[in-house]
Amino acid sequence: MKLSEYFVPTLKEVPADAVVPSHKLMLRAGLIRQVSAGVFSWLPLGFRVLNKVINILREEMNAIGGQEFLLPALNPIEIWEQTGRVEAMGDVMFHLKNREGIVLAPTHEEIITYHAKQHIQSYKDLPQIWYQIQTKFRNEPRPKSGVLRCRQFIMKDSYSLDTTWEGLDQSYNKHLEAYKKIFSRCNLNFFIVGASSGAMGGSQSQEFMIESDAGEDVCAIAPSGYAANLEVATSKLPPVGRKDYCPPIEKFPTPNAKTIDDLIQQFRFDENNLAKSVVYIIESEPVLILMRGNDELNESKLQIAFGTNKLRPATSDELLQITGANAGSIGPVGLKTKIKIVADNLLMNANCLVSGANEDGYHFKNIDLVRDTKIDAYFDLRTVREGEPCPLAGTPIKIVKAIELGHIFKLGTKYSEALQATFLDQDGVQKPIIMGSYGIGVERIIACYIEQNHDEHGIIWEYPLSPFDIHIISINIKSNKVVEKAEELYSKLLSLGYEVLYDDRDETAGVKFNDADLIGIPLQIIISEKNIQKNVLEVKRRRTQQRELVSEIELLDFLQQNVLK
RNA sequence: CGGGGCGUAGCGCAGGUGGCUAGCGCGUCUGUUUUGGGAGCAGAAGGUCGCAGGUUCAAGUCCUGCCGCCCCGACCA
């Protein structure tokens with residue numbers, strides 16, 4: 001492609017609205033342009049990269065037996081009502097105004113299950129892996145960071161259909177391995193974490209992450225190899241446990257102690273024996289949650305424990321009404337109304353605890369959770385903190401921000417049951433199809449790659465994502481010798497099957513060098529009078545900025561060794 | 001949805017206590033000189049100052065409403 005004829009609007013100045021490096025560089029290098037919040041156009045150069053990614057996705061999905069579909073973005077709302085997800089999605093789902101009963105699909109479990117119901121009859125029709133590379137629509141409340149969080153984006157989504165849970169395990173593992181290959185082929189430095197299935201339902205899920213300050217997820221990772229989304233991460237802290245002797249429970253005044261730290265300072269209690277209580281309204285029922293004093297409640301874990309995402313902290317009015325006290329004096333003993341009480345695992349059957357007395361300005365000490373109150377259930381509810389011992393080997397946990405590239409779920413039968421997608425097994429028994437769902441954010445692959453591969457000059461592509469293999473730069477197009485040599489080389493490399501970007505523009509050397517570094521194709525070949533006189537070609541490696549001189553005969557060997565697609 | 005910021009030429013910005021013809025840099029166009037790291041000179045084009053109302057002799061500037069964009073938070077199958 002000749003750059004003089006190619007629409008690649010590079011920007012010298014950094015666009016004011018861009019904050020994260022990948023967003024800045026994708027705009028500056030002419031890969032994308034924004035149309036509105038969370039909506040982008042892909043320009044020709046960017047679309048080439050997108051297609052390189054899509055090719056890899058297709059190859060690896062086909063390699064595990066995936067069959068490619070193209071499903072509609074316009075979906076009948078009835079099918080979403082049957083799975084209860086119109087309500088679950090809420091505002092995230094786009095509804096059309098001038099056509100009742102149609103929504104824009106934010107994902108495709110429903111449509112896949114619909115087709116499975118239509119045509120899967122027997123165990124002989126299974127297993128299946130169905131996938132597509134298609135545009136998703138989600139009404140994100142706050143799109144951000146370029147293509148990292150959009151209202152319209154491309155997803156590679158696939159769905160496995162199996163007759164048994166062992167079959168689901170196999171399909172899941174096939175995807176796990178395929179995803180590793182995909183991200184490795186894209187030269188991404190990624191890691192895999194255990195994750196929450198959220199309201200998707202299902203038993204197991206893992207996320208593919210890259211570490212990045214631009215990320216919206218937080219993960220706990222440890223030298224042992226332990227890696228988990230903070231939503232589900234655990235650690236191996238010792239429980240508070242029981243002391244041999246616990247005196248009778250005793251109320252005492254604490255007029256100036258509003259926080260856990262106040263109590264420690266004023267009364268010299270052991271931090272571990274302080275218990276704090278928070279009240280949540282879960283499915284409109286109040287629940288008191290007891291935690292170690294300085295632990296942070298993890299709402300995701302609470303959602304998992306109660307199997308719902310319909311929960312919120314109680315308001316201060318509700319607190320007073322339910323417990324009889326205001327925040328800071330609430331506890332598990334002496335509640336004004338009888339409500340469900342759950343506690344964090346670290347407090348399992350503990351005694352000698354200090355907690356609020358449900359009377360402003362008073363606390364209880366010597367609380368024995370077995371003797372003095374009834375805990376309805378214990379769950380892991382706390383948020384893991386930096387430095388805590390990991391559950392695998394006790395190595396210290398590090399907390400990092402990360403971007404989610406992909407997510408694989410064992411869905412189970414949630415959708416097949418809701419939509420009656422069943423099959424007859426060998427014994428003639430009708431059973432729901434066992435499903436998995438697996439997604440990759442296609443644009444995120446590109447943004448994440450750029451987050452990990454750029455410098456002050458621009459993007460640094462590697463094969464196979466690079467939009468072109470080779471970037472030819474002619475210096476001073478007033479020189480016939482230079483133009484002749486560059487044109488000749490351009491034709492020759494094209495005929496050898498290389499994808500070549502040829503900067504034939506009437507621009508100064510500086511402009512061409514800077515644009516080439518910004519666009520970031522791995523190899524640049526620089527044609528100038530100087531080099532022609534010496535009868536050499538100058539090749540520059542984008543990543544290292546190293547230049548080497550090679551003869552024309554050596555060039556083909558050089559390219560064979562260095563253009564590794 | 002809460003908090004903050006912004007909206008003036010293609011891009012980046014100034015002007016903002018009301019006042020005269022709305023500026024600067026980059027880019028663009030013409031001519032010319034230049035050609036190894038975002039060239040020099042000369043000339044030129046390009047604006048409903050986000051939109052709508054209002055106050056005023058006079059509004060980019062003040063007031064009201066709306067729209068849009070960015071950031072922090074909430075939310076995120």
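Residues numbered from 1 in each chain as written. Chains lettered and ligands numbered in written order. Predicted model: local features only at pLDDT ≥ 70, side-chain atom pairs only at ≥ 80, totals over all residues. Heavy atoms only, no water.

I keep staring at the packing of aromatic side chains and nothing clicks. Help me out?
Where two aromatic rings form a pair, the distance of their centres and the angle of their planes describe that pair. Applying the stated criterion to the full structure yields 14 aromatic pairs. Ring centres 5.4 Å apart and planes at 50° place the aromatic pair F183 and F208 in the tilted group. Of this pair, F183 sits in helix α6 (residues 165-185) while F208 sits in strand β10 (residues 205-211); the two residues are 25 residues apart in sequence, bridging distant segments of the chain. Residue class for F208 comes out buried when judged on its relative accessible area of 0%. (Phe/Tyr/Trp six-rings, centres within 6.5 Å; stacked < 30°, edge-to-face > 60°. Helix = DSSP H or I, 4+ residues; strand = E, 2+ residues; numbered from the N terminus. Buried < 20%, exposed > 50% of the residue type's maximum accessible area, 1.4 Å probe, protein only.)

Explain the sheet that holds strand β13 (residues 250-253) to me, please; I cannot follow it from the model alone.
What holds strands together in a sheet is hydrogen bonding between their backbones, with the strands either parallel or antiparallel. Across the sheet, which stays open at both edges, the three strands sit in the order β13-β19-β18 with antiparallel pairing between neighbours. Each end of this open sheet is capped by a strand with a single partner; those strands are β13 and β18 (353-356). Mean inter-strand twist for the sheet, computed between neighbouring axes without regard to direction, equals 30°. In the sheet, β13 pairs with strand β19 (residues 362-367) via four bridges, with the strands oriented antiparallel. Looking at β19, one finds that K251 is bridged to F364. (Pairing = 2+ DSSP bridges. Axes fitted to C-alpha atoms, helices over the stretch in contact; angles between N-to-C directions.)

Hey, could you run me through the pairing of strand β31 (residues 547-550) in this one?
Along any regular strand the residues' side chains alternate between the sheet's two faces. Across four bridges, strand β30 (residues 537-541) lies against β31 in antiparallel orientation. The partner of K540 across the bridge, within β31, is R547. Turn length for the β30-β31 hairpin, with the two strands adjacent in sequence and antiparallel, is five residues, and the turn residue Q545 shows positive phi of about 65°.

Hey, could you run me through empty space enclosed by the protein in this one?
The gaps of empty space that remain are located by a probe, the size of a water molecule, rolled over the atoms. Under the criterion given, the structure shown has one cavity of 30 Å³ or more. Counted as a void, the largest cavity has a volume near 80 Å³. Together, K144, S145, L148, R149, A214, G215, E216, D217, A402, I403, E404 and R444 line the largest cavity. Residue composition of the lining of the largest cavity, by class: four nonpolar, two polar and six charged. (1 Å grid on protein atoms, 1.4 Å probe; cavity = no way out; pocket = protein on both sides within 12 Å on 5 of 7 lines; lining within 4 Å. Points joined across faces, edges and corners; volume = space filled by probe spheres on them. Nonpolar A, V, L, I, M, F, W, Y, C, P; charged D, E, K, R; others polar.)

It is not clear to me how the domain arrangement of chain A should be interpreted in this structure. Could you clarify?
Frequently, the measure chosen for interface size is the accessible area that the parts lose on association. Taken domain by domain, chain A holds domain 1 (3-233 + 399-450), domain 2 (250-379) and domain 3 (468-562). Taking the mean C-alpha position of each, domain 2 and domain 3 sit 69 Å from one another. (Domains from an automatic or database assignment.)

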